[in-house]
Number of protein chains: 2
Amino acid sequence: MELEQAIIVRADLHMGKGKIAAQAAHASIEAMLKADKSDVEEWRASGMKKVVLKVSSKKELLELFERLKKKFPVALIKDAGRTQVEPGEATCIGIGPVEEKEIDLFVKDLKLL
Amino acid sequence: MELEQAIIVRADLHMGKGKIAAQAAHASIEAMLKADKSDVEEWRASGMKKVVLKVSSKKELLELFERLKKKFPVALIKDAGRTQVEPGEATCIGIGPVEEKEIDLFVKDLKLL
């Protein structure tokens, strides 16, 4: 068993590297705070494996969020809109940490960011 | 008073967007876990402001880390080295959340990533 966190970012917003990093960090923290505490401990101790994936539309992100949230600790991040994107725009989701094989069933068709 | 977290990334490693996002998320979590708990609560409630900055060498990153760690909750992230960079390579640092004005004194000369 290996735990990982998945972060899924909208590529269609064409955010810069720093913006993506800030949004992904936000997703990572919020998902972690929703996850099972003992899973988080184990995940941190084993190096906090993360995979960062992309989708190409808001629709794709929101549909994925709806499916994932039935099964996993998931956080949908909406930007404060200070820079680059509109206020309240959904930018990314964070999932887990959860068992890698379980999450793979949902995200295996997504490409790495 | 406004709290923010700063994430400082090495630009000289030429990491891809997804790699940067994963390293920044790692830094963000580890710095948050070292920070004052009431500061973290306040920072989360007010939108988790983050600024993502860059340095151009390992030397610059490590010198900054040494200076910052005397004053702030700071995490130095070393990559597991599965992809793109050497195992154990220092990739970024996370600071705080801390008072924005205090951190600005240390990072005001750095450019946004």
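Here's a quick rundown of the structure. (Residues numbered from 1 in each chain as written. Chains lettered and ligands numbered in written order. Predicted model: local features only at pLDDT ≥ 70, side-chain atom pairs only at ≥ 80, totals over all residues. Heavy atoms only, no water.)

## With respect to the sheet that holds strand S3 (residues 74-78) of chain A
- Pairing in this open sheet of five strands is mixed, and the strands run S3-S4-S1-S2-S5 (chain A) from one edge to the other. The open sheet is flanked by S3 and strand S5 (111-112) of chain A, the only strands paired with a single partner.
- Packing of helix H1 (residues 17-34) of chain A onto the sheet brings it into contact with strand S1 (3-10), strand S2 (50-55), S3 and strand S4 (90-99) of chain A, and relative to S4 of chain A it is tilted by some 40 degrees.
- Contacts from helix H1 (residues 17-34) of chain B reach S1 and S2 of chain A within the one sheet, and its direction differs from that of S2 of chain A by about 130 degrees. (Pairing = 2+ DSSP bridges. Helix = DSSP H or I, 4+ residues; strand = E, 2+ residues; numbered from the N terminus. Contact = heavy atoms within 4.5 Å. Axes fitted to C-alpha atoms, helices over the stretch in contact; angles between N-to-C directions.)

## So, the side chain of lysine 19 of chain A
All names here are of chain A.
- Following the sequence through the fold, lysine 19 ends up in helix H1.
- A polar contact is formed between the side chain of lysine 19 and the side chain of aspartate 79, at a distance of 3.0 Å.
- Setting aside anything within four residues of it in sequence, one finds lysine 19 in contact with Asp79, Thr83, Gln84 and Val85. (Polar contact = N/O pair within 3.5 Å; in protein donor to acceptor, adjacent residues only side chain to side chain.)

## Quick notes on helix H4 (residues 100-107) of chain B
All names here are of chain B.
- Three or more residues of H4 are buried, namely Glu100, Ile103 and Val107. Looking down the long axis of H4, one finds its buried residues gathered within 70 degrees of arc, a one-sided arrangement. Among the exposed residues of H4, those oriented more than 90 degrees off its buried face are Lys101 and Leu105.
- Of the surrounding secondary structure, the elements contacted by the buried residues of H4 are strand S1 (3-10), strand S2 (50-55), helix H3 (58-69) and strand S4 (90-99). (Buried < 20%, exposed > 50% of the residue type's maximum accessible area, 1.4 Å probe, protein only. Arc of directions from axis to C-beta.)

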